[in-house]
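# Structure at a glance
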Amino acid sequence: MSFPALVEPAAELTIDEVRRYSRHLIIPDVGMDGQKRLKNAKVLVIGAGGLGSPALLYLAAAGVGTLGIAEFDEVDESNLQRQVIHGQSDIGKPKALSAQESIAEINPLVQVVVHNERLDNDNVMEIFRGYDLIVDGTDNFATRYMVNDAAYFLGIPYVWGSIYRFDGQASVFAPTMADDAPCYRCLYPEPPPPGMVPSCAEGGVLGVLCASIGSIQVNEAIKLLVGAGDPAIGKLVIYDALELEWRKLKVRKDPNCALCGENPTVTGLIDYDAFCGAISEEAADAAADATISVVQLENLLKERAEGTRDFVLIDVREPNEYEINKIPGSLLIPKGEFLNGNALAQLPPVDSGTQVILHCKSGVRSAECLAVVKGAGYDDALHVGGGVVAWVNQIDPSQPSY
Ligand SMILES: Nc1ncnc2c1ncn2[C@@H]1O[C@H](COP(=O)(O)OP(=O)(O)OP(=O)(O)O)[C@@H](O)[C@H]1O
């Protein structure tokens, strides 16, 4: 199904622009009219990370007249494996500014608007207002639901993408463009239970997958802006890079959707952190008075070495994470073993007097496991807040982080 172009055409292209965009101008579906629409377009990209990098680069190269960048973070060495808009000399710089510099080099005709801040309930409506289209390149559920809701309230279509390891997904959510067009909540009414879906920082992502999904997002954005082809409204694009398989599933509007359904219950922005629960209630309860810092752990490890303390330190991450860095003296039992109950047989008996201390990468998975262990009777079990990330940052910077 085709849709009218989102943007009116600019009055004219300059001679420089005609030269620069000549390969677009000779595509019948873009042409002079489409390129003038791109020139007039205002597109906001949220996140200048894995997906945002290729999205910004190609939107800029394509001649989108105004490109907004909403990003609060700074460039880290571990970003460079996939966030190709940043380079070695950008490490430590705000990503939004680093991205702006790259765009100036790729296409100085683009006007870049930098929003060097975290998008949240306080600023999202104001920042979104005035853009024709949004490209969501973020990596967390709280932001995704917020983007979906804010875009819906303002009637702005957006292109969503998501990546994990070798798997990617993308879709266009534009409930105000067609009566039967779904929103993100129609596809995913509820966020996954906290701790169940690891982030890319926890589970990893193939760098080049960002290019595959980010370029699909740009493709959809260009189609929407110029009114070409059949955009992925009501369609979920699924890419399996390991099998080299693309699939397209139909996504229907949910009449019971909390946002765009017949009797909406979400009528304004909500507390998205609470909705997505950074940590499950059981895990939060278990960890409430059983969380130690890495400094406390270091002291406990010294006492254990001196023979004045008895405990097992268990790393609940995956074996490939354990290969990258570890807290010395830890034993690896991945979280899945706790969830299926097998880990308990590998722990010292409850009445042995040996305490159980758990850690993971950042403290989310270990809190989930702590709830299991406490439920099995290990009342004095502890977990390490901040996990191995805090250990590397505060105790042993000689180890790599990831
Ligand atoms: N609410 C938000 N406002 C602005 N930018 C956001 C928001 N939420 C996430 N982002 C940005 O979206 C980008 C997502 O990129 P990516 O998935 O590659 O993750 P990353 O945070 O850079 O990497 P990693 O999680 O592996 O350290 C990040 O740069 C992140 O800072």
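Within an unreviewed UniProt entry, the label attached to the protein reads Adenylyltransferase/sulfurtransferase MoeZ, and the organism entered is Nocardioides vastitatis.

Our focus in this paragraph is the sheet that holds strand β10 (residues 311–315). Two modes of strand pairing occur in sheets, parallel and antiparallel, and in both the strands are linked by backbone hydrogen bonds. Spatially, five strands are ordered β9-β13-β12-β10-β11 in an open sheet, and the strand pairing comes out parallel. Because the sheet does not close on itself, it has two edges, and the strands there are β9 (291–292) and β11 (330–332). Judged from the three bridges that link them, β10 and β11 form a sheet pairing that is parallel. Counterpart to Leu313 in the pairing with β11 is Ser330. The sheet contacts of helix α16 (residues 364–375) involve β12 (355–359) and β13 (382–384), and relative to β12 the element is tilted by about 155 degrees.

Along the chain, the position of Asn256 falls in the loop between β8 (245–250) and α11 (272–276). For the pair formed by Asn256 and Leu224, sequence separation is 32 residues and the distance between their alpha carbons is 27 Å.

Another point: the domain arrangement of the protein. Domain boundaries in the protein define domain 1 (15–275) and domain 2 (281–395). Taking the mean C-alpha position of each, domain 1 and domain 2 sit 37 Å from one another.

So, about the side chain of Asp136. Relative to the helices and strands, Asp136 resides in strand β4 (residues 133–136). There is a polar contact of 2.7 Å between the side chain of Asp136 and the side chain of Thr138. Not counting chain neighbours up to four residues away, the residues in contact with Asp136 comprise Ile46, Arg144, Val147, Tyr158, Val159, Trp160, Gly161 and Gln217.

Here the focus is the sheet that holds strand β3 (residues 111–115). Spatially, eight strands are ordered β3-β2-β1-β4-β5-β6-β7-β8 in an open sheet, and the strand pairing comes out mixed. Of all strands in the sheet, those with a lone pairing partner are β3 and β8, marking the two edges. With strand direction ignored, the average angle separating the axes of adjacent strands in the sheet is 15 degrees. Sheet strands touched by helix α7 (residues 141–154): β1 (42–46), β4, β5 (158–164) and β6 (167–173). Its angle to β5, the strand with the most contacts, is close to 170 degrees.

What follows covers the pairing of β4. Burial along β4 is two-sided: the residues Leu133 and Val135 and Ile134 and Asp136 are all buried. As paired strands, β1 and β4 are joined by four bridges and run parallel to one another. Within the sheet, the bridge partner assigned to Ile46 lies in β4 and is Asp136. Alignment of β4 against β5, held across three bridges, turns out to be parallel.

Further remarks concern the nonpolar core. Within the largest apolar cluster, 47 residues are counted, with the highest numbers of intra-cluster contacts made by Val43, Leu56, Leu59, Leu67 and Ile103. No other element matches helix α10 (residues 207–226), which puts nine residues into this core. Discounting chain neighbours no more than four positions away, the residues touching Ile103 are Leu56, Ala60, Leu67, Ile69, Ile85, Pro108, Val110 and Val112. Counting residues in hydrophobic clusters, the runner-up holds 33 residues, among them Ala283, Leu297, Ala381 and Val384.

In the structure shown here, the tally under the stated rule is 10 aromatic pairs. On the basis of an interplanar angle of 80 degrees and a centroid distance of 5.9 Å, the ring pair of Phe173 and Tyr184 is categorised as edge-to-face. Remark: Tyr184 occurs in helix α8 (residues 184–187) and Phe173 occurs in strand β6; sequence separation between them is 11 residues. Pairwise contacts between aromatic rings join Tyr145, Tyr158, Trp160, Phe173, Tyr184, Tyr188 and Phe275 into one cluster. Sitting over the ring of Phe311, Arg304 keeps its end group 4.6 Å from the ring centre. Above the face of the Tyr322 ring, Lys326 is positioned so that its terminal group lies 4.7 Å from the ring centre.

Rules of the game
Residues numbered from 1 in each chain as written. Predicted model: local features only at pLDDT ≥ 70, side-chain atom pairs only at ≥ 80, totals over all residues. Heavy atoms only, no water. Pairing = 2+ DSSP bridges. Helix = DSSP H or I, 4+ residues; strand = E, 2+ residues; numbered from the N terminus. Contact = heavy atoms within 4.5 Å. Axes fitted to C-alpha atoms, helices over the stretch in contact; angles between N-to-C directions. Domains from an automatic or database assignment. Polar contact = N/O pair within 3.5 Å; in protein donor to acceptor, adjacent residues only side chain to side chain. Buried < 20%, exposed > 50% of the residue type's maximum accessible area, 1.4 Å probe, protein only. Core = buried A, V, L, I, M, F, W, Y, C linked by side-chain atoms within 4.5 Å. Phe/Tyr/Trp six-rings, centres within 6.5 Å; stacked < 30°, edge-to-face > 60°. Lys NZ or Arg CZ within 6 Å of the ring centre and 35° of its normal.

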